[in-house]
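# Topology and contacts: notes
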Amino acid sequence: MSKVWLVGAGPMAQEYVKVLNDIGLDYLIIGRSESSANQIRSMTESEVIEGGYEQFLSSNPNCPQFAIVCLQVHQLADCAVALLQYGIKNILLEKPAGNSKDEILVLAELEKKYSANLFVAYNRRFYSSVYKAKEIIEQDGGLSSCHFEFTEWWHKIKDLNKPVEVFDKWLIGNSSHVIDMAFHLIGRPKEISCYSSGSVEHHNKSGVFVGSGISESKVLFSYIADWSAPGRWSIELLTPKHRIVLKPLEEVKVIKLGTVNEEAVVIDDALDKQFKPGLYKQTIAFINLDTTILCTMKEQAKNVETYYKIANY
């Protein structure tokens, strides 16, 4: 019997296959279309099922210990519900686990009902850059403040072939990747003031975002994003000795106290270069049910409330 079901056969599932192959776990892939199934077959000797998870579950297969779900954002919650009802107790859902607050809150309730473990795959928490940033923060005696940006390249995003409901909640489905990373480093917001204005094509609620607050760890923070202007994802973490700059998020630079120049910091990012960044350590944590860094569904249910405030949903 396979220890892991990998639900999905698209690009993200293919990244997990590389990790699972290296770890040496026994796994089975559940795809939907023949084309995606054939593509992933070329990467693995493991069994690949076609026809989708609904058809597969109807054949009454033996229940595995773990499942990793790599479907489109609007398909994640329905799949998670089906797997929970089938009896799977440990599930890693690709971020953000659901396309809306309602879907995420329902999953949090079902997790308790079925005595299961649901996790959200925010792989950026496992970046080598995050480990190094944490190390510097600890050496410096802690954080005093943080600023982050989650500007999206909407001039390209608007032309993607996505369902209306995915565009409508884009901040949850995509921008939450960097917002989660920031709050993982500084602590969840204890107080937050959010301002938004404008709109962009397919996202009528907002297009420009500014806000600030204080985290549960007493770190002051601010953020900005303007989806109609140039920009990129970034996080800046300030200590008494350094400004730690993650821009891009996979790299670490520091500005030392009394200077203005950014200096690159050497990090041990071999795994992030061999595999999709963060994915290897995240998968190991999931298989070991190590919740030290993993985003739990209980945590995501709290976080989605903040995302709705930021986005003006």
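No experiment lies behind these values; they were computed from the predicted model shown.

### Focus: the overall build of the protein
Scanning the protein from terminus to terminus reveals 12 helices and 15 strands. Radius of gyration (C-alpha) of the protein: 20 Å, near the 20 Å computed for a compact globule of 313 residues. The principal-axis extent of the C-alpha atoms belonging to the protein is close to 65 × 40 × 35 Å. For the protein, the residues scored as buried account for 54% of the 313 residues in total. Considering only intrachain contacts with a sequence separation of at least 6, the fraction spanning at least 24 residues in the protein is 67%. Each charge class in the protein was averaged separately, 33 positive and 38 negative side chains, and the resulting centres sit 4 Å apart.

### With respect to the pairing of strand β12 (residues 242-246)
For β12, the buried fraction is high: four of the five residues fall into the buried class. The pairing of strand β11 (residues 234-238) with β12 spans four bridges and is antiparallel. Among the inter-strand pairings, L238 is bridged to a residue of β12, identified as R243. With antiparallel pairing between neighbouring strands as the criterion, β11 and β12 make up a hairpin whose turn holds three residues.

### Quick notes on the sheet that holds β11
The sheet built from eight strands is open, its strands ordered β8-β9-β10-β7-β11-β12-β13-β14 with mixed pairing. The sheet is open, and its two edges are formed by β8 (189-197) and β14 (263-264), each paired on a single side. Here helix α6 (residues 128-140) sits on the sheet and contacts β11, β12 and β13 (253-256); the angle it forms with β12, its principal contact strand, is near 170°.

### Details of α6
With 13 residues, α6 extends 19 Å from end C-alpha to end C-alpha; this agrees with the ideal 18 Å at 1.5 Å per step. All of the buried residues in α6 are S128, S129, V130, K132, A133, I136, I137 and D140. Summarising the contacts, the buried residues of α6 are in contact with α9 (170-186), β11, β12, β13 and α10 (270-274). Remark: G141 follows α6 within two positions and exhibits a positive phi of approximately 90°.

### Things to note about the packing of helix α5 (residues 101-113) against helix α12 (residues 297-311)
As a packed pair, α5 and α12 sit with axes 9 Å apart at the nearest point and diverge in direction by 160°. Relative to α12, the element α5 lies roughly antiparallel. The element α5 and its partner α12 pack so that their crossing is left-handed. In this structure, α5 uses K101, I104, L105, L107, A108 and E111 to contact α12, whose residues at the interface are M297, K298, Q300, A301, V304, E305 and Y308. When the residues that make up the contact of α5 with α12 are grouped by side-chain class, the tally is eight nonpolar, one polar and four charged.

### A look at helix α11 (residues 279-287)
Counting buried residues along α11, seven of its nine residues qualify, which places the element largely inside the surrounding structure. Those residues of α11 that sit buried are L279, Y280, Q282, T283, A285, F286 and I287. The secondary structure elements touched by the buried residues of α11 are β1 (4-7), α1 (11-23), β4 (66-69), β5 (90-94), β6 (117-121) and α10.

### Let's talk about the pairing of β6
The element β6 is largely enclosed, with a buried count of four among its five residues. Strand direction decides the pairing type here: β5 and β6, joined by five bridges, are parallel. Bridge assignment links I91 to a residue of β6, and that residue is L118. Note that β6 and strand β15 (residues 295-296) share two bridges and pair antiparallel.

### Quick word on a nonpolar patch on the surface
Residues Y195, V210 and I224 make up a contiguous nonpolar surface patch of roughly 280 Å² in combined accessible area. With respect to the element layout, I224 can be found in strand β10 (residues 220-226).

### A word on the environment of I192
Inspection of the secondary structure puts I192 in strand β8. For the pair I192 and I310, spaced 118 residues apart in sequence, the C-alpha separation works out to 8.9 Å. Excluding its chain neighbours within four sequence positions, the residues that come into contact with I192 are S212, G213, F221, Y223, T306, K309 and I310.

### Section: the environment of A37
Relative to the helices and strands, A37 is located in helix α2 (residues 34-41). On the basis of relative accessible area, A37 is assigned to the buried category, the value being 0%. Residues A37 and G51 lie 14 residues apart in sequence; the distance between their C-alpha atoms is 9.4 Å. With residues up to four places along the chain from it excluded, the contact list for A37 reads A9, V48 and E50.

Cut-offs used in this document
- The residue numbers shown here count from 1 along each chain, following its written sequence.
- Reporting of local features is limited, given that this is a predicted model, to residues whose pLDDT is at least 70; pairs of side-chain atoms are given and counted only at 80 or more, and all residues count toward the totals for whole chains, interfaces and linings.
- Note that the side-chain values use all heavy atoms of the structure and ignore hydrogens as well as water.
- Helix numbering and strand numbering both begin at the N terminus, where a helix is a DSSP run of H or I of at least 4 residues and a strand a DSSP run of E of at least 2.
- Only the C-alpha atoms count toward the radius of gyration. The rule for a globule is 2.2 Å times the residue count to the power 0.38.
- Working definition: with a 1.4 Å probe on protein chains only, accessible area under 20% of the residue-type maximum means buried, over 50% means exposed, and in between means partly exposed.
- Should any heavy atoms of two residues lie within 4.5 Å, those residues are counted as being in contact.
- Counting rule for charge: Lys and Arg are taken as positive, Asp and Glu as negative, and neither His nor the chain ends is counted.
- Here the site of a charge means atom NZ of a Lys, CZ of an Arg, CG of an Asp or CD of a Glu.
- Only strands that DSSP links by at least two bridges are regarded as paired with each other.
- The axes are straight lines fitted to the C-alpha atoms, using for helices just the contacting stretch, and the angles between their N-to-C directions are given from 0 to 180°.
- Under the convention used throughout, the expected extent of a helix is 1.5 Å for every residue step, that is, one less than its residue count.
- These descriptions rest on fixed angle ranges, namely under 35 degrees for roughly parallel, over 145 for roughly antiparallel, 65 to 115 for roughly perpendicular, and the rest for oblique.
- Handedness of a crossing follows from how the near helix is turned relative to the far one, being left-handed for an anticlockwise turn of less than a right angle and right-handed for a clockwise one.
- Three classes are used: nonpolar for Ala, Val, Leu, Ile, Met, Phe, Trp, Tyr, Cys and Pro, charged for Asp, Glu, Lys and Arg, and polar for all others, with Gly counted as polar.
- Like charges are joined within 9 Å and nonpolar side chains (Val, Leu, Ile, Met, Phe, Trp, Tyr) within 5 Å, but only among residues with over 30% relative accessible area and no salt bridge; these make up the patches.
- In these tables, accessible area is a Shrake-Rupley quantity obtained with a 1.4 Å probe, and a residue counts as shielded only by the protein chains included in the view.
- We count a salt bridge whenever a side-chain nitrogen from Lys or Arg sits within 4 Å of a carboxyl oxygen from Asp or Glu.

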